[in-house]
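Observations on the three-dimensional arrangement
Chain by chain, the residues run as shown.
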Amino acid sequence: MDIEEDIRSLQLDSAEENNGVANPEEEKPDEVENEDKMEEDPKEVRTVSQPVNPEPKVKHKEVSAPQDVEVEAEKGITKRHLNVVFIGHVDAGKSTTGGQILFLSGQVDDRTIQKYEKEAKDKSRESWYMAYIMDTNEEERVKGKTVEVGRAHFETETTRFTILDAPGHKSYVPNMISGASQADIGVLVISARKGEFETGYEKGGQTREHVMLAKTLGVSKLLIVVNKMDDHTVNWSKERYDEIESKMIPFLKSSGYNVKKDVQFLPISGLIGANMKTRIDKSICPWWNGPCLFEALDAIEIPSRDPKGPFRMPILDKFKDMGTVVMGKVESGSVGEGDSLLVMPNKAQVKVVAVYCDDDKVRCAGPGENLRVRLAGIEEEDILSGFVLSSVAKPIAAVTEFIAQLQILELLDNAIFTAGYKAVLHIHSVVEECEIVELIQQIDPKTKKPMKKKVLFVKNGAVVVCRVQVNNLICIEKFSDFPQLGRFTLRTEGKTVAVGKVTDLCAA
Ligand code: GDP
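Predicted model, so just to flag it, every value in this text is computed and none were measured.

1. Topic: the overall build of the chain
Regarding its fold elements, the chain presents 12 helices and 25 strands. Counting the 508 residues in the chain, one finds 59% classified as buried. Carbon and sulfur atoms provide 49% of the accessible area of the chain, an area that totals close to 20600 Å².

Okay, here's the thing in structure tokens:
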């Protein structure tokens, strides 16, 4: 890949497709100042809560197709599987919309809804009851904020979905990274309520940062739901909807999304469930001729992945349960009972005892699936999140140094970026302190060519090739080989300062 191509894909692929609007300087995420400082707590990223379906149906079935399409043998139905992450500013309605999806797809019965409604009322938070379905623990209910990446499952006509709920509060961005790093598609929830779109999008809002992160982390398709259309300040107004769409489009283009191919807008009300399972009634919204949310979800196309590639599953979490169980999403290849694998980077030989997909035991599973895998031959204490379950024949590399192309977003206090700069590296499920040990080359954002002058430091907006070092061995891949395992963000004090991709691995 030549350097020009490289940069284009760092800016995430669509300069020409978007009529050249990929210059980060035009649409820098410069509105994240005043952000609360938070402690970087890698543990937060490692938390993955259990499914929130109140009565999980536990059934055992055999899945034989090692693809991202699952064959339900007993029903003879073929459904693909997709992971969805909900992103957007706090209070945009992510939990409400997620809860409503579960309700409308039959995952939650009326009685449970009534129970949540009553509980919410007792706490004087009547309008939050839908969010209760997603927000599982008491602490979240009291605060009315989703703290962890909660998981839930639902099905439409063609697809089985796993929802990874990403909270909108700025302090919880590390969880959003963990959610988005597993997601195939993103649902960006925007509040149309007067003043709320503006707060979410402009100064201090999370909408822009979430979009940038989603793209960097490999969420290739976005559904943008313009929510709260029922609110009395909106009243299903076409003008308001169009205003939001037209303000979002240039930014989406500059973040690397091809708006025609990868992005779809639609109006909904998560609270009353309008334009979600069925199309909105013309008497309420006469101007909308597009699909409802479920139709849009059904129709989303994502590139199929190779089930025969070398096996790679970054480990998100682990626990003891009749052996050692690891959780994660398969990024490449397939896994089945009886397989011999390596836990990298410590090269531990393990045997697969059982594979669970959602609540079901399966014989075999392929790329894109979120799995729990029971292993023999390793103790739970010997595994950390960020390790990778890997094929024996072609194991993933383990390195302490790599070359990367970085795009600097916004440095804290306008600091300069130079050799010696330290940050926290987030790459798939890895969270590690890192240091930039050498700036190799700066790339001219206009010509996309390397600049001749030796580079000693760069500032906000720069694109730079550099050498990055970590203290512990980490398992990563070149972006060109496995995009999901080669894209990363650098964060300092809870804020994303740069996004990048791995261009080369240095021998350990
Ligand atoms: P989150 O922080 O993005 O998960 O937002 P929540 O789902 O917790 O919603 C925040 C607030 O907006 C709650 O009071 C919801 O009841 C309200 N809300 C969410 N969706 C809608 C909607 O479609 N219409 C109206 N009117 N209010 C909504």
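What follows continues from the structure just given.
2. Digging into the packing of aromatic side chains
If you walk through the whole model with that rule in mind, you get nine aromatic pairs. For the pair Phe-154 and Phe-294, a centre-to-centre distance of 6.0 Å together with 35 degrees between the ring planes defines the contact as tilted. Here Phe-154, found in strand E4 (residues 149-155), pairs with Phe-294, found in helix H12 (residues 293-299); they are 140 residues apart in sequence, far enough to count as distant. For Phe-154, a relative accessible area of 2% translates into the label buried. When its relative accessible area of 7% is taken as the criterion, Phe-294 is described as buried.

3. So, the pairing of strand E10 (residues 324-329)
Most of E10 is tucked away: six of the six residues are buried. Residues Thr-324, Val-326 and Gly-328 line one face of E10 and the alternating positions Val-325, Met-327 and Lys-329 line the opposite face, and both faces are buried. The pairing of strand E9 (residues 312-320) with E10 spans five bridges and is antiparallel. When the sheet's bridge partners are listed, Ile-315 is paired in E10 with Gly-328. Connecting the antiparallel pair E9 and E10 is a turn made up of three residues, with Met-322 showing a positive phi of about 50 degrees. For E10 and strand E16 (residues 370-376), the ladder comprises six bridges, and the chain directions are antiparallel. Looking at the pairing, Val-325 lines up with Arg-374 of E16.

4. Structural notes on a nonpolar patch on the surface
Taken together, the side chains of Ile-416, Leu-456 and Phe-457 present a nonpolar region at the surface, about 310 Å² in accessible area. Tracing the sequence through the fold places Phe-457 in strand E22 (residues 457-458). Phe-457 sits in the partly exposed class, given a relative accessible area of 44%.

5. Structural notes on the pattern of salt bridges
Between side chains of opposite charge, a pair can form as their charged atoms come close. One pass over the full model with this rule turns up 19 salt bridges. One salt bridge connects Arg-467 with Glu-401, and the closest N-O pair in it is separated by 2.7 Å. You can see Arg-467 sitting in strand E23 (residues 463-475) and its partner Glu-401 sitting in strand E18 (residues 398-408), a full 66 residues away along the chain. Residue classification places Arg-467 among the partly exposed residues on the basis of a relative accessible area of 24%.

6. Here we look at the sheet that holds strand E20 (residues 422-427)
On the basis of which strands lie adjacent, the closed barrel formed by six strands has the order E18-E23-E21-E20-E24-E25 and antiparallel pairing. In this sheet, neighbouring strand axes are inclined to one another by 45 degrees on average, regardless of whether the strands run parallel or antiparallel.

7. Side note on the nonpolar core
Residues Leu-222, Ile-224, Met-248, Leu-252 and Leu-293 are the most contacted members of the largest nonpolar core, which totals 61 residues. Those residues in contact with Met-248 that sit more than four places away from it in its chain are Leu-188, Ile-190, Phe-197, Tyr-201, Thr-207, Ile-224 and Phe-265. In terms of nonpolar packing, the next biggest core, distinct from the first, is built from 29 residues, Ile-408, Ile-427, Ile-474 and Ala-498 among them.

8. Regarding helix H3 (residues 94-104)
Where burial is concerned, most of H3 is hidden: 10 out of the 11 residues are buried. Listing the buried residues of H3 in full gives Lys-94, Ser-95, Thr-96, Thr-97, Gly-98, Gly-99, Gln-100, Ile-101, Leu-102 and Leu-104. Gly-106 occupies a position one or two residues after H3 and carries a positive phi of about 85 degrees.

9. Notes on the confidence of the model for the chain
Here the chain shows a mean pLDDT of 77. Residues at 70 or above account for 73%. pLDDT under 50 marks residues 1-77. Its contacts with residues more than four places away, or in other chains, come to 191 contacts. For the stretch residues 140-150, pLDDT sits under 50, and the model shows 41 contacts to residues farther than four places along the chain or on other chains.

10. Digging into the environment of Gly-106
Tracing the chain through its elements places Gly-106 in the loop between H3 and helix H4 (110-122). Sequence separation between Gly-106 and Glu-155 is 49 residues; the distance between their C-alpha atoms is 9.0 Å.

11. A short note on helix H10 (residues 238-254)
The end-to-end C-alpha separation of H10 is 25 Å, in line with the 24 Å expected for 17 residues at 1.5 Å each. Of the positions making up H10, those classed as buried are Arg-240, Tyr-241, Ile-244, Met-248, Phe-251, Leu-252, Lys-253 and Ser-254. For H10, the N-terminal cap is Ser-237; the gap from its side-chain oxygen to the backbone nitrogen of Glu-239 is 3.2 Å. Directly beyond the C-terminal end of H10, a positive phi value near 105 degrees is found at Gly-256.

12. Concerning unusual backbone geometry
Met-344 connects to Pro-345 through a cis peptide bond whose omega is 15 degrees. The backbone of Met-322 shows a phi angle near 50 degrees, a positive value even though the residue is not glycine. If you trace the backbone, Met-322 turns up in the loop between E9 and E10.

About the thresholds
Residues numbered from 1 in each chain as written. Predicted model: local features only at pLDDT ≥ 70, side-chain atom pairs only at ≥ 80, totals over all residues. Heavy atoms only, no water. Helix = DSSP H or I, 4+ residues; strand = E, 2+ residues; numbered from the N terminus. Buried < 20%, exposed > 50% of the residue type's maximum accessible area, 1.4 Å probe, protein only. Areas by Shrake-Rupley, 256 points an atom, 1.4 Å probe, with all protein chains shown as cover. Phe/Tyr/Trp six-rings, centres within 6.5 Å; stacked < 30°, edge-to-face > 60°. Pairing = 2+ DSSP bridges. Patch = residues over 30% accessible without salt bridge, like charges linked within 9 Å, V, L, I, M, F, W, Y side chains within 5 Å. Salt bridge = Lys/Arg side-chain N within 4 Å of Asp/Glu carboxyl O. Axes fitted to C-alpha atoms, helices over the stretch in contact; angles between N-to-C directions. Core = buried A, V, L, I, M, F, W, Y, C linked by side-chain atoms within 4.5 Å. Contact = heavy atoms within 4.5 Å. pLDDT = per-residue confidence, 0-100. Expected span 1.5 Å × (residues − 1). Polar contact = N/O pair within 3.5 Å; in protein donor to acceptor, adjacent residues only side chain to side chain.

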